[in-house]
Amino acid sequence: MMKRWFTLIGFVAGFTAVVQSATAQDAGKRAEAKSHKARGDALAAKGQNTEAIAAYRQALATDADLFDAYEDLGITLVDEKKYDEAIVEFKKALEKRPTYHRGHYNIAYALRKQGKHKHAVESYRKFLAAVPKDPDGYYGLAESLKAMGEKAGALENYRKYVE
């Protein structure tokens, strides 16, 4: 009986060491990813978007769960007019954090900039369903409705924007 007890204690101790090692590795990877993201933020602030995009991608390659890097990568891609790529990143951010309602707005904005107004309207409506007091959603929705020739809907949303 005593031998089994020592074997169990040895197993638990070994398992604990493995878990602690994995946790330390995860913390190290997270710190490295945050460092890449911070570099991306600094580069984006200076308008060095190509380098910022590379830094954000490096952050995500290091830690695919670094939510903020998806958002900032998407925003930087929009600045570069790489709308399809940006939409992919915003969708990944939404997968990671379904309560990231701003993701719907960002997707809608990118779609509107591409002239895909019908799809933009859908995304703006998703955003406004979650955040009905945000005026930006009404402005974007109005712009897309106007582009689609839906003047009454556009006017209604422009009014909500200025209220």
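Residues numbered from 1 in each chain as written. Predicted model: local features only at pLDDT ≥ 70, side-chain atom pairs only at ≥ 80, totals over all residues. Heavy atoms only, no water.

A.B. asks: Residues and numbers for the packing of aromatic side chains, please.
C.D. replies: One pass over the full model with this rule turns up five aromatic pairs. Their ring planes at 50 degrees and their centres at 5.0 Å tell us that Tyr139 and Tyr161 sit as a pair that is tilted. Of this pair, Tyr139 sits in helix H7 (residues 135-147) while Tyr161 sits in helix H8 (residues 151-162), placing them 22 residues apart in sequence. Overall, Tyr139 belongs to the partly exposed group, its relative accessible area being 33%. For Tyr161, a relative accessible area of 33% translates into the label partly exposed. One aromatic cluster is present, formed by Tyr105, Tyr124 and Phe127 through successive ring pairs. Between Arg97 and the ring centre of Phe67, over which it is positioned, the NZ or CZ distance is 3.7 Å. The side chain of Arg102 reaches across the aromatic face of Tyr105, ending 4.2 Å from its centre. (Phe/Tyr/Trp six-rings, centres within 6.5 Å; stacked < 30°, edge-to-face > 60°. Helix = DSSP H or I, 4+ residues; strand = E, 2+ residues; numbered from the N terminus. Buried < 20%, exposed > 50% of the residue type's maximum accessible area, 1.4 Å probe, protein only. Lys NZ or Arg CZ within 6 Å of the ring centre and 35° of its normal.)

A.B. asks: Account for the environment of Asp84, with residues named and values stated.
C.D. replies: Within the element layout of this structure, Asp84 appears in helix H4 (residues 83-96). Taking the relative accessible area as the measure of exposure, Asp84 reaches 47% and is therefore partly exposed. Between the C-alpha atoms of Asp84 and Gly74, which are 10 residues apart in sequence, the distance is 9.6 Å. Leaving out residues up to four positions away in the same chain, Asp84 has contacts with Gln114 and Lys116. (Contact = heavy atoms within 4.5 Å.)

A.B. asks: I'd love a proper account of the pattern of salt bridges, names of residues and values included.
C.D. replies: Any two side chains of opposite charge can pair, on the condition that their charged atoms come close. Under the defined criterion, the tally for this structure stands at 10 salt bridges. Between Lys37 and Asp41 there is a salt bridge; the shortest N-O distance is 2.6 Å. Highlighted residues: Lys37 and Asp41, both in helix H1 (residues 2-45), separated by four residues, approximately one helical turn. A relative accessible area of 12% places Lys37 in the buried class. The class of Asp41 is partly exposed, set by a relative accessible area of 29%. The partner of Asp136 in a salt bridge is Arg102, with the nearest N and O atoms 3.4 Å apart. (Salt bridge = Lys/Arg side-chain N within 4 Å of Asp/Glu carboxyl O.)

A.B. asks: So what's going on with the packing of helix H3 (residues 67-79) against H4? Which residues, and what values?
C.D. replies: Here H3 crosses H4 at 160 degrees, and the two axes come no closer than 8 Å. Our classification of the angle between H3 and H4 gives roughly antiparallel. You can see that H3 and H4 cross each other, and the crossing is left-handed. Along the contact surface, H3 presents Phe67, Tyr70, Glu71, Leu73, Gly74, Ile75, Leu77 and Val78, while H4 presents Tyr83, Glu85, Ala86, Glu89, Phe90, Lys92, Ala93 and Lys96. Residue composition of the contact of H3 with H4, grouped by class: 10 nonpolar, one polar and five charged. (Axes fitted to C-alpha atoms, helices over the stretch in contact; angles between N-to-C directions. Parallel < 35°, antiparallel > 145°, perpendicular 65-115°, else oblique. Left-handed = near helix turned anticlockwise from the far one by under 90°. Nonpolar A, V, L, I, M, F, W, Y, C, P; charged D, E, K, R; others polar.)

A.B. asks: Go over the packing of helix H5 (residues 102-113) against H7, please, and point to the residues and values.
C.D. replies: Two numbers describe how H5 lies on H7: the axes approach to 11 Å, and their chain directions differ by 30 degrees. On the basis of their axis angle, the class for H5 and H7 is roughly parallel. In terms of crossing hand, the pair formed by H5 and H7 is left-handed. Residues Arg102, Tyr105 and Arg112 of H5 pack against Asp136, Gly137, Gly140, Glu143 and Ser144 of H7. Partitioning the contact of H5 with H7 into residue classes produces one nonpolar, three polar and four charged.

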